[in-house]
Structure formats: C-alpha cells, structure tokens
Amino acid sequence: MDHGPRALVITAAGINCDLELMHAFAAAGARPEAVHLEALVREPARIDRFRLIGLPGGFSFGDDVAAGRIMGALMRRSVYPALVAAIERGVPIICPCNGFQIAVQAGLLPGPDAGAAWPDAAAVPTVALAQNAGGSFRDAWTRVEIPANTRCVWTQGLELDDATGLLPSAHGEGRLVAGDALLDRLEVDGQVAVRYHDADHFNGSMRRIAGICDPSGLVFGLMPHPERFTRWTQHPRWTRLSPHQRRAEPLGLRMFRNAVERTLVAT
Amino acid sequence: MPAVHRVEVRPKPGHRDTRGEAASRAAAAAGLPVPERIEHASVYLLEGDLTAAQLRRVADELLADPVTQAALVQPAPSAGGVPVAERLPRLDAVVEVHPLPGVTDPAAESVELAVHSLFGLEVRVRTGDRYDLAGLAPAAAATLGARVLANPVIHGIHAEPWHPERFPAGTPREVRVVEVPLRTLSDAELERLSRDAHLFLSLDEMRAIQAEYRRLGREPREIELETLAQTWSEHCVHKTLKSTVRYREANLAPGQRALAGDALAGRAGHEPAADGSVTVRNLLKRTVAAATHELIDPARPDRIDWCLSVFVDNSGVIAFDDVHAVCFKCETHNRPSAIEPYGGAATGIGGCIRDIMGTGLGAKPIAATDIFCVAPLDTPDVPAGCLPPRRILTQVVAGVRDYGNRMGIPTVNGAVWFDPRYVGNPLVFCGVVGVMPRTMVKGQVHAGDRIVAIGGRTGRDGIHGATFSSAEVEHGHASEFSHAVQIGNAITEKKALDAMLAARDRAGGPLYRAATDCGAGGFSSAVGEMAKDTGATVHLDRAPVKYAGLTPTEVWISEAQERMVLAVPPANIAELRAVCEAHGSELCELGEFGSADGTIKLLWNGTEVGSLDTHFLHEGVPMPTREAVWDAAWSAAQVPPAGDGRGVGPRLVDTCRALLAHPNLASKAWIIRQYDHEVQGGSVVKPLVGVGDGGPSDGAVIHPVPGSPRALAIANGLATGWSSDAHAMTLAAIDECVRNLVCTGADPARIAILDNFCWPSCDDPRNMGALVRAAEACYEGAIAYRAPFISGKDSLKNQFRTQDGRTIMIPPTLLVSGFGIVEHADRACTMDLKAPGNVLFLVGTTGTRMGGSHRAMLGSATHHDLRLPEVDPARGAAAARAVAACIADGLVRAAHDPSEGGLLPAVAEMCFAGGLGASIDLSRVPAAADVADECRAFAEDPHRYLLEVEPAHVGAVERTLADAGLAHASIGHVTEGALLEVVGARTARESIAVAELQAAWNAPTGG
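Here the structure is a predicted model, which is why all the values come from computation and not from measurement.

1. Quick notes on the overall build of chain B
Regarding its fold elements, chain B presents 31 helices and 41 strands. Taken against the 2.2 N^0.38 rule, which gives 30 Å for 1007 residues, the C-alpha radius of gyration of chain B at 29 Å falls within 12% of a compact globule. Taking the principal axes of the C-alpha coordinates as reference, chain B spans close to 85 × 75 × 60 Å. Looking at chain B residue by residue over its 1007 residues, the buried ones come to 65%. Sequence separation of at least 24 residues holds for 82% of the intrachain contacts in chain B that already meet a minimum separation of 6.

Okay, structure coming up:
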C-alpha cells in the first residue's frame, strides 16, 4: 500500500513485538514505520507526521522495577505532549501488552475525565497492571467480550463467536487493579474496551477488564495481542475451523481495520 | 564519599503480595516448613549524593507503583536516616537476598539508567529482595533462604535488612607480565600445573605446549597458557570426537549391529585390523560430517543443493527460499545449570542466541527450543553437592523464560526426560533458529579491519567456563567454580541484536565484514577464531569493564555475556558507532586484524603481554589415539531397574492411563505456558494444540518470512530409553525427529538435523565405544533419511563423583534437533482428532520387543521380550516420504507419532486433543500373529505413524502407502463418544473415559 495512512511504531530497548505490530498495520492497509524512542525524544515533532500510532509489546528496559515503569516514566517527561496533541488531532493509538503497561505509566490511560481536557503534565497513574494472580508469566489464548457501550474506536461493532472471538495473551504483569470509583466510571463511560470471558479470566484483573480506552476512544490499551491474530494460521485451533468460520477476517485484523478506516473517513 | 540509601517497596495494605505467595508455594514444593505468612519487599540500595527529597522522588516516581505499592525510604545514616539496626524486623524472621559483588544485576543497571535519564542523577544501584516470615524460627528461615529464596553461589543472604555504608569496589591491580616456567618441568609437574591452574589439559597436551615453548626458546606467559587451555578445551575443539579411535566389541547379543572388524570396511577413514578392531581417523569427520558431505557432494546427480553452510560457522545454514536462509544451532549449558540453574539456563539460551547472531553476517533469531534431562522430581537422598531436581527443573525453566521472553524469541518446542542418572549432571539443551538474507551467509575478515566489540561490558564473569565444562564434576566443585557461573542480561543482548541488524541491513550494505560471538573463552576464542588467517593486534586495556581491577588475562578469557565481535573496515567505524549509540549498545575498538607475522599480539597500555601463534593455537593440539570397547552386556547393565509396576493393568486402558502420567509423557503445559511461544507473530502450529489446547504437538511450525506461504517445522528426537545400545538409540532419535517433523507437515526431502552428544567420560573405553556406535549411526541415519547434519556440539564429561567415591554416569544422551520446510503453511497438520467417523490408520509394523519402552520402564512386565526394537532407516525414510505425501495432498486430518508410550497412549492424546473418542481393534495392527496385545498397544517400534483420514480419502491414502511398500492398516475410527474403546485378539472390549486419560496426562509433574 503506497497510499495508506502512515503508522508510527515506537521501539525502544527491550521492545520486541514491533514486527507483528508493523505487519498488523500493513495488513489493515496502513504504512507502518518503526522509530526508536530516542529519536522521538530528540525530535517529538516527528510524531506529528503520523495518522496512527502503536506502542508495541515486549520488555521495555527489561520490565525492571515493574512492567512499563521505566519507559513510561521516560515518555511522561518527553513525548507526552506530542502524543496528547496526536490524540487531540484524532490519531488512534493502540498499546498492546507492554504498550498498555507503558501507556498507564505514561499517563495516557485511562485519560482525563470524559469531557475534560488532557492535563499539560502527565497524570499520576490511577490504574495498575500488577503481577498475575497466578504469580507467573502465562501465554494463552482467551475468549474475549466487547462491552456493548464501549467508545473504543478499535473495538467498535465487532461481533464475536465462541470459536473465533479469541485473542492471545502472554504476560506476567497483567492483573488490572484500580479503585472502585474509577472502575465504575470507566464502565459507565464506555471506556472498558474488551473483557476476558468468564471462563478464561486467568490473570485476576478486576471486573475481568482486559483493555480500556481513553474518553475519546482513540487510545486503546489491552493486555492481549490483537496484532498476533491477523492471519487464520495464528489461531490456536485453525486446523479445526471450517472454511465458513474462516471466511471473515480474524478478530485482531478487524480491530486494526477499524482504526485505519477511521483515518480514511477522517480525511 | 557518597552514601548508600535504601528503599523498600511493598504492596499497600489490601493489595495482594504475589511474590510472597509465590515464595510460600516454593517452600511447600521443596518440602520445607511453610511459614504462616511470607511478606515480600523489593529492596533498592542507591549509592550517590542524593538529598532526602531527591530520594523520595526516585522512590515515588520510579520505584513504587502509586496504585498498588508504597515505598519506605531509608536515607543513609550520614544523610539523616535512622540506622538500620533500629528498624527491627516486624515478623519472626527476615531473609534478605542480594546478588554477590560482581554478579550481574540487570535490574540495577536499568535503575541506574532511569535515575540518570529522569532525574539527571548519577547513582550506583544494587537490588535485593526482603522476605519477612511469620511463624518460622530464624534457623528454619535461614534454611528456607539458602534452599528456596536464594542460591548461595550467587547471592548474599542476610538475616536482617542489609544497609551497607558503601558498596564493595574493585581495586586496580598493578599489571605485570607473569611467566609460567614449564620448559624444565617433569611430566608429574606438568600434570600438577594443569590441575592447579585449572587448565584441565592432558599430559600430552602439556607436553606439546612444553615442546612449542622450548622451540620458541622462552617460557609461556600466563595469558598464553590460559588461551591455549581455553582453545584446546573439549568444549571448544571436540578433541574426543575428532580423535583417532580404535574400536572393538564385546558381548554382542544376537541382533545387535556389529560395527567392528570388517563391518565398515570400505568406508573412508575406517581401517579394519586383524584383531577384529576397526580404527577410525577423526571420528566426527568420518561419520557425522561424512554423511553431510556425501549428501551435498556436487559430483552426485541427486545431491542436496540447499545446504548453504555446514559445520564451519556458529550455526548450520540451509536455504529457505530463493531469498532467505534459515539457520539452527543447539547448545548445552550443563555444568553452569547444575550449580546455578536459573543463570545457567538463561546464559545457555543467551549464548545460543548469539551463535545465531554470529552466523555469517548475522541472522535474526526467530524461534528457540529447550530440552531438559533431569532426575525424577521425587528423587530421595540427593547426593551432597547436587541441587534437588525439582529446584533445577523449576529454575532452568525460569531462566529460559526470563531470557527468551525478554529477547522476544518464541520458545516453540521442547521435551523433558527423567532418569535418576542425571542427578549430578542435569542436561540443559537450548536451540535457536534464525533467518537471514542468503547474501549474508558468509563473512570474511580482511587484514586492516578493526576489531570491534559491541554489547555488554567485560567482568570477571565465567572465567574458566570452557575448561570447567570440560571437567568431571565433583561434590566440591560448586564453590571452587562459582565464578564460572553467570547471570545474563537479556536487554543488553537485545540492544546488541537491534544494533547489529540495523548495521547489517543498512541501505549501502553491511557496515562490517564478519561477526562472531563471545562464548566459551570470551575474546580469546572469538578473536582467536576470526584472526586465524590474518593475525591480530589487541589492546586489552581498551575493553570496557564492569569494575576496576581486571588483569589482562581476565579481560582476554572472561566469558562475560552479551558481547559480539565484528570485523569493521576503518571507514565504517563512525557510522557503526552512531548505529550502536542509537540502540543504546556500547561499542569498543579493541585493535585490528592482521599482523606482520600472523600472530595475535596482546597489548596492555602499549606493552606486549602475550603473543600467540595462530597455527599452533588452532592446529597444535595433539590428537591421541583412543581406545573404545563397546561392551554390550555392560551397557545393558547401566540401565536403571524398572519401576514397581504401579498403575499397570489389569486392563490395557489402565496401563495406558499410567503411561500418560509418566513424567516423560505427561503434559508440559506448566513449562510451555511460561514461555511466550508466539512472540513475533509467526506461529502456525503451537506446542499445545486441539480443544482447550489440550494435546501435545509433535513439533512446531512457524512462518520465518511473514507474507510467504512457506513455513518451517521444528522438532526433536531423544531416545534415551534405548541407551543400552547407542547405535539403535541414535537411529531411533533421528527417526523420531523426522517423524515429528513429518507429522506437522514438513517435506522429508527438506529436513536438516543437528547432533548434541552428552556423554559420560570417554576416558572410559566403554563410554567411548558407545560414542563410536552413536556416531556411526548418525552416518547411517543421515544417509538413509537424506537428512544432513548441519551443526553439532558435544559435552563429554557428564559424570558426578559423590563424597563417598561413587561415580554417577549419565546415560549416553543424543539429542537430534531438526527443522524442515513446510511448503504451504495451510497444509500444516496437527495431532488432534477432527471428526467422528474418520478412520485411524497405523503405518508401520509392531513387534514383540519392548526394550527401552515406557511400558518396560513402568515394571511388572517380566514376560516381555526386552530387546530393543530394530530400526530400519531405509524403511523409516520410505514411511516418512509416503506419509508426507498424504499430508501434502490434504488427505490427512491429524497425524501423530506413537514413539513415546506406543500406540494406545498416542491415540489417547489424539482423543483428548480432539475432544472425541476412538474405537481401536488391536488385532488389526500390522504385526505377526504372535505379537501380544500388550505389545501392540505399548511397543515403541520406530517408523510408525498414526493418521486420521476422512472416509472419502481412505482409498487414496491406502494406495499411497501400498505403493511405497509400507505395512499399514485401518485400526479403528473416531467416535462421537467420550470413551476410548479397545478390543484385541485376546482382549475383550475395554473402555475408559477420555477425560480420565486426560486427567492422568495433566497430573502435575513440576513447577
């Protein structure tokens, strides 16, 4: 695609899911480009050139201290204003796994109260992604649900069935923790973007929340990896699926299409 | 003098303490008294000039999570803090764990970097973990600390919070050139020198060195002697496998393959003698490598043309498509893992990843494999000097997890084998697969190229690792060689990888001309190898070091992790430096390749401290003739006695259930789930497949090149149950590896394999005899399957001397790793049953021989024929081709290899993976009439396959199998029900719930 919207994929030491994120953007019709965080810190204005942004998974800075902590802290002090400007410009941002952990630490999620403006300085984190209830890293596909009232642009209008409404997860620190008042507000305001199915709720997140968005619905953070489900052969049981079941696009790809199509409409 | 400040981070009240809970679980698993409660806190010690306010900000903004955690800040007493002694533990006991000085502390490095970036402050950091224990006396707490919470080899364990006034620091030493006089030593004195200086060189080798220095007319300097010892170590030069060996046989049983005498006459390099022996010159070259060179011989019309680099580089390389190559290497890290399993396994995979990065101009690692051999987890009375097997297995898994996951390399395939003889010598195999452009497969050093090191800094880590890994382990070794143990830092390696790939893929072409990794022997091996043809000048004082005080010898032989060496044209240095800076990877110019006389000159601040003749270094090692006597009766007697028959019978389905619970067969989900086996997004067939991801896949399939329909299958074969004859064992392992690959969809005409020999000491001619048999079988197997070996490694001193003088030898162990091309990822195959009514085919014949089978291991099987089954590689290859053709034509819904446990357990696995039942008639199994039902159900005969075929395709499958001349039969069908039903000629109909079989398979085996 020579004409698709440009997508920025931010890399850094220890980021390691940049390739699959690039492929997911490309499969959905965008033109991805990986840029190292150091380059963006030196020149935050580079962010202005992009219509989509992805903060990939991985182990940024080894996830030392806590997952996403160091990279989030670096971003709060450097590229945060440029990212807020992008959000205000309508740029969808996806933050899977370590990206979600980083976004939470960087003050990008859950974002300001609905209707309020983004603060000039990054807010103190109000959501934590703590160590899994089981105490260890876990790689598994889980069934997910999309709340009907979500305002997340990435998960709008997705219909799921039992055999294909799945996403892969692979993390050690994905247990979402926040105060009850905040969680109530996120639910009411449609900022819960995706939940784990009751039977597949392995990390112990409060209210089974797998992903949230900011009030604009543009910034989407989630522990699962939609970028790893853009081809049917990535599905854990694809050899059992009928051609009929495989006719629609995989769930992860549909999320990326949602965002890419939105940038095209916005043109 | 900067002060040391202390910060503790612990969960806020009301929040879960998952680390404390995990510590309690680990205590219970270790069989130790479990405290009523364990509370965990992360400890950070920061040395630097910080005000109390700055420290508070570091704690709150960097170290503690504002939602779930609170930070307790303890400034240094000199900065107004309360002395640590006045902060008494709140619970009954405290265990606080900190890495010992000099041990890599990756989290500390990250915090130093973050404090600098965020606050502009320079601090030195050490991390630790504090455990407060309720309901446990201090003595019991100390035991828990040493056995569960820490490893004294790498950790300092404190009974109260540790708050030192300052960090220990290295002191610079005066550097002087040390000469080691040996020209006049007697043989006895040479041997003593070898032992006392930890050189582990034989007398012959010491004599060769003596002769060389007599010729040079001077004494060797310490650094030269150390370099020779590293380079000549078994670990580096495969002295045993390359030696000349005289092989004889004794006590051969009927049916066992004779190799001595004239059996191999006519094979190049094999010389039969009148006394019935055969002499093989350079065993490796005449067996494993000979097969490959025959298969790829350009003079042969049917030659294999897709091998791009075999045996010469850090990994073996084959063509993937017209543009891309894939490479594979498998390493062992046995000794370090025996002493410090977490660090040993992590640096094992880290080192193998660097082998892939150091292949040609650098490949990108895309998949990893891990195979572990340990003693049964319930082993009582572990000998002094050995860690408990459960701890070893749990920690090696954690090490592979933390390094592989951080590197972003999916660990996609593995196995665990249990045998009591691994108690002192656990085996840890780490394999890594990479992908690279075909134009990057070969590098070439030019004289004048700069010697550039990138990645981690050099410390005293791992000194003597190579020589240590070439020595037998004794009970006292753990402390003597603790400095040979290391902790890895995956992010340092990831940064080096990112920088290398950016430098490789730069628009104008690669910025360097050759690359290799620093593995065993460190710079001495890496530079020594690269400078083989050019010589070099190396300024050792220029290497960035972790701390002051390293001697030139230590810099030269340190095995510090995460370092790569590149040969860089001088004009490219500036650009390469910029690339490395952009990726946060340190670069250092160590000197240059090329010297007037072809030697390697070692300098320290301009003064020559050593000079090495590259020819003597690489070719000077004497290769003695070794004696090998394969004593069949002795080999058979080494096999551990069978079990007590628990769980066996009375019905076949009961035995099937017991076999599924055997730890070799039982689910490894607890391991697999800890690995991100899907990172990079390329997975096609995952390690667990089917309904609820409930079935064990035969192998993994990945997409190395996104967007290409072509895929790559990865699998392994390990037949340690057959160790009573290493020849049969080797053929069985190759056959199993091929079957696993074929079952997932690989084309058997495009399979390449690797050998990893782990052997007990070959100073014992009987073990050497087994090694010869294995090597000869490698030749036969590779030729028959047309599966070339492309890389290999050996570890040949795996035995443990106990305090009371017993020697525990591991079983001869050969791991065969393989990868093969899957032409269309859409045709990849999984082992889970797909639909009721489908027909189950068994390909291949079953006999009466139960030797080496898991059924025999269970015990209570006195009536069985305990000989090993015969392997016929030609028949195995024919079966592989025919089955692969059926799969490629889309005629097969599921395929599974019944090698471990035999037919019934394999059918059971297919059932629960498919959420379906099956009905099996053993009387239809292709077998002679006198083969008992129990053999039909549980024999582990080679080259057999189980296939699920839709009724419409039965005719086509039968034709393909019949045309290939293969015995085969429809032995039953898939059922809707939840039962596995079995009937046989002498077995009345039996049935068992599939759920019951699955529960047995899922019974916990570790973790």
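2. Some details on the overall build of chain A
Helix and strand counts for chain A come out as seven helices and 11 strands. Computed over the C-alpha atoms, the radius of gyration of chain A is 17 Å, within 12% of the 18 Å expected from 2.2 N^0.38 for a compact globule of 267 residues. A principal-axis box enclosing the C-alpha atoms of chain A has dimensions of 50 × 45 × 35 Å. For chain A, the residues scored as buried account for 64% of the 267 residues in total. As displayed, chain A offers around 8,800 Å² of accessible surface, 50% of which is attributable to carbon and sulfur atoms. The averaged location of the 28 negative side-chain charges in chain A is 3 Å from the averaged location of its 27 positive side-chain charges.

3. Focus on the packing of aromatic side chains
All names here are of chain A. Scanning the entire structure with this criterion turns up 12 aromatic pairs over all chains. Aromatic pair F25 and F256: ring centres 5.2 Å apart, planes at 85°, arrangement edge-to-face. One end of the pair, F25, is in helix α1 (residues 18-27); the other, F256, is in helix α7 (residues 251-266), and 231 residues separate them in sequence. By relative accessible area, which is 0% here, F25 ends up buried.

4. Some points on the nonpolar core
In this structure, F757, W759, Y945, L947, I971 and L980 of chain B are the most contacted members of the largest nonpolar core, which totals 132 residues. Among the elements that line this core, the one with the most residues is helix α24 (residues 726-744) of chain B, at 12 residues. Judged by nonpolar contacts, the second largest core, of 113 residues, contains A28, V79, Y80 and C213 of chain A.

5. Here's the deal with the sheet that holds strand β15 (residues 427-437) of chain B
Backbone-to-backbone hydrogen bonds pair the strands of a sheet. The strands run either parallel or antiparallel. All names here are of chain B. Taking strand neighbours across the sheet as the criterion, the six strands line up as β10-β11-β12-β15-β13-β14 in an open arrangement whose pairing is mixed. Strands at the two margins of the open sheet, each flanked by one partner only, are β10 (307-309) and β14 (411-418). With direction set aside, neighbouring strand axes in the sheet form an average angle of 20°. Relative to strand β11 (residues 316-319), β10 is paired through two bridges, and the arrangement is antiparallel. Looking across to β11, one finds that C307 is bridged to I318.

6. Structural notes on the interface of chain B and chain A
Taken together, the 66 residues of chain B in the interface contact 53 residues of chain A. It is L118, R406 and R673 of chain B that lose the most area in chain B upon contact with chain A, and together they represent 12% of the buried surface on that side. Between chain B and chain A we count six salt bridges in total. Salt-bridge contacts for R77 of chain A lead to E61 of chain B; the nearest nitrogen and oxygen are separated by 2.8 Å. At the boundary of chain B and chain A, one finds 29 residue pairs in polar contact (both at pLDDT 80 or more). Elements represented by at least two residues in the side of chain B that touches chain A include exactly α1 (18-29), α2 (52-63), α3 (106-119), α13 (389-407), α16 (490-504), β25 (683-685) and α28 (903-914) of chain B.

7. Details of the pairing of strand β31 (residues 789-795) of chain B
Residues and elements named next belong to chain B. β31 sits mainly inside the fold: six of its seven residues count as buried. With six bridges connecting them, strand β30 (residues 751-758) and β31 associate as parallel partners. Residue I753 lies in a different strand from β31, and its bridge partner there is F789. At this point the chain moves from β30, through helix α25 (residues 765-785), to the parallel β31, and the crossover so formed is right-handed.

8. So, the side chain of D764 of chain B
All names here are of chain B. Mapped onto the elements of the fold, D764 is located in the loop between β30 and α25. What makes D764 buried here is its relative accessible area of 14%. Setting aside residues no more than four positions away along its own chain, D764 makes contact with W634 and M809.

9. A short note on α13 of chain B
All names here are of chain B. With 19 residues, α13 extends 27 Å between its outermost C-alpha atoms, agreeing within 8% with the 27 Å of an ideal straight helix rising 1.5 Å per residue. Summarising burial for α13: 16 of the 19 residues are buried, a large majority. Of the residues one or two after α13, G408 is the one with positive phi, at around 75°.

10. Examining unusual backbone geometry
Of the consecutive residues L109 of chain A and P110 of chain A, the connecting peptide bond is found in the cis state with omega at 5°. With respect to the helices and strands, P110 of chain A occurs in the loop between α5 (98-105) and β5 (127-130). A cis amide bond links G649 of chain B with the next residue in sequence, P650 of chain B, at an omega value of 0°. Here P650 of chain B shows up in the loop between α21 (632-637) and α22 (652-660). Despite not being glycine, C97 of chain A shows a phi value in the positive range, around 60°. Locating C97 of chain A in the fold gives a position in the loop between β4 (93-96) and α5. Accessibility expressed as a relative area gives 5% for C97 of chain A, which makes it buried. Even without being glycine, F200 of chain B reaches a positive phi, approximately 55°. In this structure, F200 of chain B sits in the loop between α5 (187-196) and α6 (203-216).

11. Description of the pattern of salt bridges
Residues and elements named next belong to chain B. All chains considered together, the criterion is met by 86 salt bridges over all chains. Between R460 and E554 there is a salt bridge, with its nearest N and O atoms 3.0 Å apart. One end of the pair, R460, is in the loop between β16 (450-455) and α14 (465-469); the other, E554, is in helix α18 (residues 552-557), and 94 residues separate them in sequence. Within the structure, one salt-bridge network assembled from shared partners comprises R6, E8, R10, R37, E39, E96, R130 and D132.

12. Quick look at empty space enclosed by the protein
Empty space left among the atoms is revealed by rolling a probe the size of a water molecule over them. All names here are of chain B. Enumeration according to the criterion identifies eight cavities of 30 Å³ or more in this entry. Reported here for the largest cavity is a volume of approximately 640 Å³. Taken together, the elements giving at least two residues each to the lining of the largest cavity come down to β13 (364-374), β14, α23 (669-672), β29 (711-718) and α24. When residues in the lining of the largest cavity are grouped by element, the largest group, six residues, is from β14.

13. Some points on α25 of chain B
Residues separated by three or four positions in an α-helix point in the same direction, a consequence of the helix having 3.6 residues per turn. All names here are of chain B. For α25, built from 21 residues, the straight-helix expectation of 30 Å at 1.5 Å per residue is met to within 8% by its first-to-last C-alpha distance of 30 Å. Counted residue by residue, α25 has 17 buried out of 21 residues, so it is predominantly covered. Positive phi shows up at R786, right after α25, with a value of about 50°.

14. Points about the sheet that holds strand β20 (residues 563-568) of chain B
Residues and elements named next belong to chain B. Strand order in the open sheet formed by seven strands is β18-β20-β16-β21-β19-β22-β23, and the pairing between neighbours is mixed. The open sheet is flanked by β18 (514-517) and β23 (607-613), the only strands paired with a single partner. Pairwise comparison of adjacent strand axes, ignoring direction, gives a mean angle of 25° for this sheet. In this fold α16 packs onto β16, β18 and β20, with an angle of close to 130° to the strand it touches most, β16. Sheet strands touched by helix α19 (residues 573-582): β16, β20 and β21 (586-593). Its angle to β21, the strand with the most contacts, is close to 155°.

15. Structural notes on the state of the cysteines
All names here are of chain B. Taken as a whole and judged by the stated rule, the model has zero disulfides over all chains. The cysteine C330 is free of any disulfide, with C352 supplying the nearest cysteine sulfur at 6.1 Å. On the basis of relative accessible area, C330 is assigned to the buried category, the value being 1%. The thiol of C518 is not disulfide-bonded; the next cysteine sulfur, from C588, is found 11 Å away. According to the relative accessible area criterion, C518 is buried, its value standing at 1%.

About the criteria used
The residue numbers shown here count from 1 along each chain, following its written sequence. Written order determines the labels here, with chains lettered from A and ligands numbered from 1. Restriction of local features to residues with pLDDT of at least 70 applies here, the model being predicted, together with a cutoff of 80 or more for giving and counting side-chain atom pairs; totals for whole chains, interfaces and linings are based on all residues. Excluding hydrogens and water, the side-chain figures rest on all heavy atoms present in the structure. A helix here means a DSSP run of H or I that spans at least four residues, while a strand means a run of E at least two residues long, and both kinds are numbered starting from the N terminus. The globule rule used for comparison is 2.2 Å times the number of residues to the exponent 0.38, while the radius of gyration itself is calculated over C-alpha atoms. The buried label applies to any residue whose accessible area, calculated with a 1.4 Å probe on protein chains only, is under 20% of its type's maximum; exposed applies above 50%, and partly exposed to all values in between. Note on definitions: a residue-residue contact is assigned when non-hydrogen atoms from the two residues lie within 4.5 Å. Only the protein chains shown count as covering a residue, and every accessible area follows the Shrake-Rupley method with a 1.4 Å probe. A residue counts as positive if it is Lys or Arg and as negative if it is Asp or Glu; His and the chain ends are not included. A charge is said to be at NZ when it belongs to Lys, at CZ for Arg, at CG for Asp and at CD for Glu. Two aromatic rings from Phe, Tyr or Trp, using only the six-membered ring of Trp, form a pair when their centres are within 6.5 Å; if the ring planes differ by under 30 degrees the pair is stacked, by over 60 it is edge-to-face, and anything between is tilted. We define the nonpolar core as a collection of buried residues of types Ala, Val, Leu, Ile, Met, Phe, Trp, Tyr and Cys that are connected through side-chain atoms lying within 4.5 Å of one another. In this scheme, strands are said to pair when DSSP sees at least two bridges between them. Axis lines are fitted through C-alpha atoms, for helices just across the contact stretch, and the angle between N-to-C directions can take any value from 0 to 180 degrees. Take the accessible area each of two parts loses on contact, using a 1.4 Å probe, and add the two losses: that sum is the buried area. For this analysis, a salt bridge means a side-chain nitrogen from Lys or Arg found within 4 Å of a carboxyl oxygen belonging to Asp or Glu. Polar contact is defined as a pair of N or O atoms within 3.5 Å, subject to the rule that within protein one atom must be able to donate a hydrogen and the other to accept it, and that residues adjacent in sequence are counted only when both atoms are side-chain atoms. Note on handedness: a crossover is taken as right-handed if, strands pointing away from the viewer, the path from the first strand over the helix to the second is clockwise. What a helix should span is 1.5 Å times the count of its residues minus one. A 1.4 Å probe that fits into a set of points on a 1 Å grid over the protein atoms alone but cannot get out defines a cavity; an open set with protein on both sides within 12 Å along at least five of seven lines defines a pocket, and lining residues are those with an atom within 4 Å of a point. Grid points are joined across faces, edges and corners, and a volume is the space filled by probe spheres set on the points. The disulfide criterion is simple: two cysteine sulfur atoms within 2.5 Å.

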